[in-house]
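# Notes for the structure review
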Amino acid sequence: MTLHLLALLADPQLPKSAPSDSFWLPVDASVTTRNIDWVWDFLIWMSVLTALAIVVAMFHFVTKYRAKSRAANEHAEPSSEHNTALEIAWSVLPLFVVIALFVWGFKGFVDLRTPPKEAMELRANAQKWKWTFDYKCARGGLTDDTLHVPFDRPVRMVISSVDVLHALYIPSFRTKMDAVPGRYTDLWFQATKAGEYPIFCAEYCGTSHSDMLSRVVVHPPGEYETWLKGACEKADSLVGPERGKKLYTQQGCDTCHTLDGTPKIGPTWKGLWGKSESFADGSSHAVDENYIRESILDPSAKVVKGFAPSMPTYKGKLSDKDIDGLIEYIKTLQ
Ligand code: CUA
């Protein structure tokens, strides 16, 4: 929670969501958050009260039984007496408290792990170091680096990773789930407040782990469908360099390839077109349509000298029209 506050202070690109009514926790915006916040508050206040009680009792006894003087050499009188009622009370009362906490916690856990049957499904993809989300359009699909969801409808996120462990973490929905390569995981939520909330990666996944940020936009009633229709139409109508430019950020190309000439995880796209590229195996090749296409679909076929073979394949994720768009876009970056 403190982490959340610090992150908000540190990163201006994070969305400014509505102020929270809790000192400790970010604003809550899902149906399952109340239960979690209640247990959190209970634990905090129970810890504060217990700590206070112990310290007060300690000071009381320290004063009351203080040795009057060293010379008197007083000793406490040995006693085998004990207070049965007190001992039963301090054993049994905490037992009930932890049983109650377990029941609450378990119920909350079951709620969090059981998406309602009617939940709509969205896909979340993790890769170093970007989240992308897939939407179904009337024709084909759409990928975006922002999560868009409707207000007050259960949403089940099906999560996967193309490279290493990541974790989809939405603090305002009090939910988090690992993204594991070669496996699907899921989480669900039902937004109770329209607005924008931050998304983090909560699993240390390498150099730019802390930059693996996104946001969830909760659309007010009825507006999600309008947004989806518009976004689908727009994505479908773009052609050539315009399409490539859009895909550059939507598909996460920007996490590794810059447009300003500086190398990042991968070579820069500036001045890439037509250049003769040298590869790790000693060969070289001019950057043309076929080279770019091959690098998108089979990135490990030709790895540029000086870079690690860390790019995931985009086979099945990009259409021919998309690849054409990216090629046209790279051509414009001279
Ligand atoms: Cu992805 Cu940390």
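Look up: the structure comes first, before these words.
Residues numbered from 1 in each chain as written. Predicted model: local features only at pLDDT ≥ 70, side-chain atom pairs only at ≥ 80, totals over all residues. Heavy atoms only, no water.

## Remarks on a nonpolar patch on the surface
A cluster of nonpolar side chains, namely I88, V92, L95, F96, V98, I99, F102, V103, F106, F109 and V110, defines an oily patch on the protein surface of about 1100 Å² accessible area. Considering the arrangement of structural elements, one finds V92 in helix α3 (residues 84–113). (Patch = residues over 30% accessible without salt bridge, like charges linked within 9 Å, V, L, I, M, F, W, Y side chains within 5 Å. Areas by Shrake-Rupley, 256 points an atom, 1.4 Å probe, with all protein chains shown as cover. Salt bridge = Lys/Arg side-chain N within 4 Å of Asp/Glu carboxyl O. Helix = DSSP H or I, 4+ residues; strand = E, 2+ residues; numbered from the N terminus.)

## Observations regarding the state of the cysteines
Under the defined criterion, the tally for this structure stands at one disulfide. Between the sulfur atoms of C137 and its disulfide mate C232 the distance is 1.9 Å. Between C137 and C232 the disulfide shows an S-S torsion of about -80 degrees. By sign, it is left-handed. With C137 in the loop between β2 (130–136) and β3 (141–144) and C232 in helix α4 (residues 223–237), this pair connects stretches of sequence that are 95 residues apart. Accessibility expressed as a relative area gives 15% for C137, which makes it buried. Among the cysteines around C253, which has no disulfide bond, C256 carries the closest sulfur, lying 8.8 Å off. (Disulfide = S-S within 2.5 Å. Buried < 20%, exposed > 50% of the residue type's maximum accessible area, 1.4 Å probe, protein only.)

## What to know about the sheet that holds strand β8 (residues 185–190)
Judged by pairing direction, the sheet is mixed, and its five strands sit side by side in the order β3-β2-β1-β5-β8 without closing on themselves. Unpaired on one side and paired on the other, β3 and β8 mark the two borders of the sheet. For this sheet the average axis-to-axis angle between neighbouring strands, irrespective of direction, equals 25 degrees. (Pairing = 2+ DSSP bridges. Axes fitted to C-alpha atoms, helices over the stretch in contact; angles between N-to-C directions.)

## With respect to the sheet that holds strand β9 (residues 195–201)
Sheet architecture is open: five strands sit in the order β4-β10-β9-β6-β7, paired in mixed fashion. For this open sheet the edge positions go to β4 (147–150) and β7 (175–179), each flanked by a neighbour on one side alone. Taken pair by pair, the neighbouring strands of this sheet meet at an average axis angle of 25 degrees, ignoring direction. In this structure, β9 lies alongside strand β10 (residues 214–219), joined through five bridges in antiparallel fashion. By the bridge assignment for β10, P198 is matched with R215. Across the sheet, α4 lies against β4 and β10, angled at about 140 degrees from β4, the strand it touches most. (Contact = heavy atoms within 4.5 Å.)

## With respect to the pattern of salt bridges
What the rule picks out here adds up to 18 salt bridges. Notably, a salt bridge pairs K193 with D28, separated by 3.7 Å at the nearest N-O pair. You can see K193 sitting in the loop between β8 and β9 and its partner D28 sitting in the loop between α1 (2–10) and α2 (33–64), a full 165 residues away along the chain. Here K193 falls in the partly exposed class, since its relative accessible area comes to 30%. Judged by relative accessible area, which is 4%, D28 ranks as buried. With a closest N to O distance of 3.2 Å, D254 and K130 form a salt bridge.

## Quick word on the pairing of strand β1 (residues 120–127)
Counting buried positions along β1 yields six of eight residues, so the element is predominantly enclosed. Bridging between β1 and strand β5 (residues 154–161) involves seven bridges; their strand directions are parallel. Across the sheet, the residue bridging to A124 is I159, located in β5. Judged from the five bridges that link them, β1 and β2 form a sheet pairing that is antiparallel. Bridge assignment links N125 to a residue of β2, and that residue is T132.

## Here's the deal with the packing of α2 against α3
Here α2 crosses α3 at 155 degrees, and the two axes come no closer than 10 Å. Taken as axis vectors, α2 and α3 run roughly antiparallel relative to one another. As for how α2 packs across α3, the hand of that crossing is left-handed. When α2 is examined against α3, the residues N35, I36, W38, V39, F42, L43 and M46 are found in contact with a partner set consisting of V97, L101, W104, K107, G108, D111 and L112. Considering only residue class, the contact of α2 with α3 consists of ten nonpolar, two polar and two charged. (Parallel < 35°, antiparallel > 145°, perpendicular 65-115°, else oblique. Left-handed = near helix turned anticlockwise from the far one by under 90°. Nonpolar A, V, L, I, M, F, W, Y, C, P; charged D, E, K, R; others polar.)

## Description of the packing of helix α6 (residues 289–297) against helix α7 (residues 320–332)
Two elements in contact, α6 and α7, have axes whose closest approach is 10 Å; the angle formed by their N-to-C orientations is 125 degrees. Here α6 is positioned oblique relative to α7, judged by the angle of their axes. Crossing hand, α6 versus α7: right-handed. Contact residues: α6 offers E289, I292, R293, I296 and L297, while α7 offers D320, I323, L326, I327, I330 and K331. Counted by class, the contact of α6 with α7 contains seven nonpolar, no polar and four charged residues.

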